[in-house]
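For reference, the chains in residue letters:
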Amino acid sequence: MTITLRPATLDDVAILELWDRDPGVIACSSDDPDAEQAFGADWAEEIATFSDVWAYWIAEEDGRPVGAMQIIDPHLEPTHYWGECPPNLRAIDIWIGDAIDRNRGIGAEMMRLALEKCFANPDVIGIVIDPLNSNTAAHRFYQRLGFTVVGRRMFGDDDCLVHQLTREDWEAHDS
Ligand SMILES: CC(C)(COP(=O)(O)OP(=O)(O)OC[C@H]1O[C@@H](n2cnc3c(N)ncnc32)[C@H](O)[C@@H]1OP(=O)(O)O)[C@@H](O)C(=O)NCCC(=O)NCCS
């Protein structure tokens, strides 16, 4: 299995829309049992606003798109989703679009590549992640990668369990 990460382009809009309606992706984005879409984003607009502080990446397995990631600078990104946040962090969101591609190690490899990318910038001191408190599979996934729990926090209506990975933890985990 060879996983690569590349920036999302407008050609990915259709698959991002498809993944947005996958029950597993919906469940990771909201505890609302009636939700019909995960992010409900205007993907063309999201991709068009790609910048140093806000970017989407597509993971491919041997050239086939299998998952997506958003990597942002939570201090600088314009929506201020994370509220007051110190500089030099990155926040990551990850989803594998189809159930058949989950539980095969693809997500772990995507995270390995993304963490390498984030920490290649020497200014970056840590990564933060906000899985829903109910998403215990994601907690196990992040904790296997070295993330530790910061605490429970509401983001709008979403009850989340914030995790972080410091550069020191990443280096210790990676070595
Ligand atoms: C969370 C997510 C990104 C993890 O990615 P993934 O590719 O499924 O993760 P992995 O395959 O590395 O690990 C998941 C499980 O599969 C197992 N696994 C990994 N490789 C395996 C293999 N080759 N054979 C069998 N099991 C395997 C892992 O041990 C892990 O088991 P666990 O659930 O008992 O802890 C993915 O499942 C997903 O997109 N879920 C829906 C959206 C979501 O929850 N996103 C996170 C938002 S915060």
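Residues numbered from 1 in each chain as written. Predicted model: local features only at pLDDT ≥ 70, side-chain atom pairs only at ≥ 80, totals over all residues. Heavy atoms only, no water.

Draft legend 1. Region of the structure containing the site of the ligand. Taken together, 18 residues lie around the ligand, and Ile96, Asn103, Gly105, Gly107 and Arg144 are the ones closest in. The separation between a nitrogen atom of the ligand and a polar main-chain atom of Ile94 is 2.9 Å. Taken by itself the ligand offers 930 Å² of open surface, and the protein chains cover 69% of this. In this structure, the ligand is accommodated by the largest pocket. Counting residues per element, the shell around the ligand draws most heavily on helix H5 (residues 136-144), at 4 residues. Of the residues in the shell around the ligand, the class split is 9 nonpolar, 5 polar and 4 charged. (Near = heavy atom within 4 Å. Polar contact = N/O pair within 3.5 Å; in protein donor to acceptor, adjacent residues only side chain to side chain. Areas by Shrake-Rupley, 256 points an atom, 1.4 Å probe, with all protein chains shown as cover. 1 Å grid on protein atoms, 1.4 Å probe; cavity = no way out; pocket = protein on both sides within 12 Å on 5 of 7 lines; lining within 4 Å. Sits in = over half its atoms within 2 Å of the grid points. Helix = DSSP H or I, 4+ residues; strand = E, 2+ residues; numbered from the N terminus. Nonpolar A, V, L, I, M, F, W, Y, C, P; charged D, E, K, R; others polar.)

Draft legend 2. Representation of the pattern of salt bridges within the structure. Counted under the stated rule, the structure contains 11 salt bridges. In this structure, Arg112 and Glu109 form a salt bridge, with 2.9 Å as the shortest nitrogen-oxygen distance. One end of the pair is Arg112 and the other is Glu109, both in helix H4 (residues 106-119) and 3 residues apart, which spans about a single turn. Of the charged contacts in the structure, one is a salt bridge between Arg152 and Asp159, with a shortest N-O distance of 2.8 Å. A single salt-bridge network, built from bridges that share partners, covers Glu61, Arg64, Asp101 and Arg104. (Salt bridge = Lys/Arg side-chain N within 4 Å of Asp/Glu carboxyl O.)

Draft legend 3. Spatial organisation of the pairing of strand E7 (residues 158-166). Note: strand E5 (residues 126-129) against E7, 4 bridges, orientation antiparallel. Residue pairing in the sheet places Ile129 in a bridge with His163 of E7. Relative to E7, strand E6 (residues 148-155) runs antiparallel, the two being bridged by 7 bridges. Counted as the bridge partner of Arg152 is Leu161 from E7. (Pairing = 2+ DSSP bridges.)

Draft legend 4. Focus on the sheet that holds strand E4 (residues 89-96). Taken in spatial order, the 7 strands make up an open sheet running E1-E2-E3-E4-E5-E7-E6, and their pairing is mixed. Each end of this open sheet is capped by a strand with a single partner; those strands are strand E1 (3-7) and E6. Across the sheet, the axes of successive neighbouring strands diverge by a mean angle of 30 degrees, strand direction being ignored. Pairing of E1 with strand E2 (residues 54-61) involves 5 bridges; the strand directions are antiparallel. Paired with Pro7 across the bridge in E2 is Trp57. (Axes fitted to C-alpha atoms, helices over the stretch in contact; angles between N-to-C directions.)

Draft legend 5. Representation of the nonpolar core. Met69, Ile92, Met111, Ile127 and Phe147 are the most contacted members of the largest nonpolar core, which totals 29 residues. For this core, the secondary structure elements donating two or more residues are E1, E2, strand E3 (64-72), E4, H4, E5 and H5. With 8 residues, H4 is the largest single contributor of residues to this core. Other than its neighbours up to four places away in sequence, Phe147 contacts Met111, Leu115, Ile127, Ile129, Tyr142, His163, Gln164 and Leu165. (Core = buried A, V, L, I, M, F, W, Y, C linked by side-chain atoms within 4.5 Å. Buried < 20%, exposed > 50% of the residue type's maximum accessible area, 1.4 Å probe, protein only. Contact = heavy atoms within 4.5 Å.)

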